[in-house]
Amino acid sequence: MSEERPIAASAAAGSFLELLRVHKRLNEMFQKHQEALLEQDIARARERLLAYERELLAHMRLEEEVLLPIYVRAGAIPGGPLELFLGEHRKIREFLQRFTATLTELEAYPPDLKRRIIQLFDEQTMFKHLVEHHDLREQNILYPTLDRLTAEAERRELLRRCLDED
């Protein structure tokens, strides 16, 4: 595993590691969704999940349309093939669709609501593990590779786009 640079230090240097603050914000949004679930406030849980999904999908779209085309310039990277990042994005989208469908079912407040929420938490644990591993791959492989491949001016412009649009 590569040495991790502190986010503050990387930000001063104009690093793609600045995008980790987007990941942190997204994780907090998902936590707020789960807090609403814990309170059995399904409407609020749904609202928070939709807000999270909107931001996460926008972030992934930027990665796919702006950052990953640059990443392919590096050629084959051990532990970080392009297909892995895209496959994880696909799995993340599939999880979000299932969560939305489950929340729609839960809005009818079935008699086994508490058990259904527990089942949803179990599925969301798998999702959180996927996201955690994906984030680590971006932190340790994608973002450092992008830093290496881009000149400072290009990097700053790309970061401006990614942080302004997120």
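In what follows, the accompanying structure is described. Everything quoted here is computed from the prediction, not taken from an experiment.

With that out of the way, let us pick up the overall build of the chain. From N to C terminus, the chain includes 6 helices and 0 strands. For the C-alpha atoms alone, the extent of the chain along its principal axes is close to 60 × 30 × 25 Å. Evaluated residue by residue, the chain yields a buried proportion of 43% over its 166 residues. Here the analysis covers contacts within the chain between residues at least 6 apart in sequence; of these, 80% occur between residues at least 24 apart. Here the chain carries 25 positive and 31 negative side-chain charges, and the mean point of each set is 1 Å from the other.

What follows deals with the packing of aromatic side chains. Summed over all chains, the structure comprises 8 aromatic pairs. An angle of 40° between the planes, with centres 6.4 Å apart, marks the rings of Phe30 and Phe99 as tilted. Note that Phe30 is positioned in helix H2 (residues 20–38) and Phe99 in helix H4 (residues 82–106), a separation of 69 residues in sequence. According to the relative accessible area criterion, Phe30 is buried, its value standing at 4%. Aromatic pair Tyr52 and Phe127: ring centres 6.3 Å apart, planes at 80°, arrangement edge-to-face. Remark: Phe127 occurs in helix H5 (residues 113–149) and Tyr52 occurs in helix H3 (residues 42–71); sequence separation between them is 75 residues. Accessibility expressed as a relative area gives 1% for Phe127, which makes it buried. Through a chain of ring-to-ring contacts, three or more aromatic side chains come together here, namely Phe30, Tyr52, Phe95, Phe99 and Phe127. Directly above the ring of Phe95 sits Arg98, whose terminal nitrogen or CZ lies 4.5 Å from the centroid.

What counts, and at which threshold
- Residues numbered from 1 in each chain as written.
- Predicted model: local features only at pLDDT ≥ 70, side-chain atom pairs only at ≥ 80, totals over all residues.
- Heavy atoms only, no water.
- Helix = DSSP H or I, 4+ residues; strand = E, 2+ residues; numbered from the N terminus.
- Buried < 20%, exposed > 50% of the residue type's maximum accessible area, 1.4 Å probe, protein only.
- Contact = heavy atoms within 4.5 Å.
- Lys, Arg positive; Asp, Glu negative; His and termini not counted.
- Charge placed at Lys NZ, Arg CZ, Asp CG, Glu CD.
- Phe/Tyr/Trp six-rings, centres within 6.5 Å; stacked < 30°, edge-to-face > 60°.
- Lys NZ or Arg CZ within 6 Å of the ring centre and 35° of its normal.

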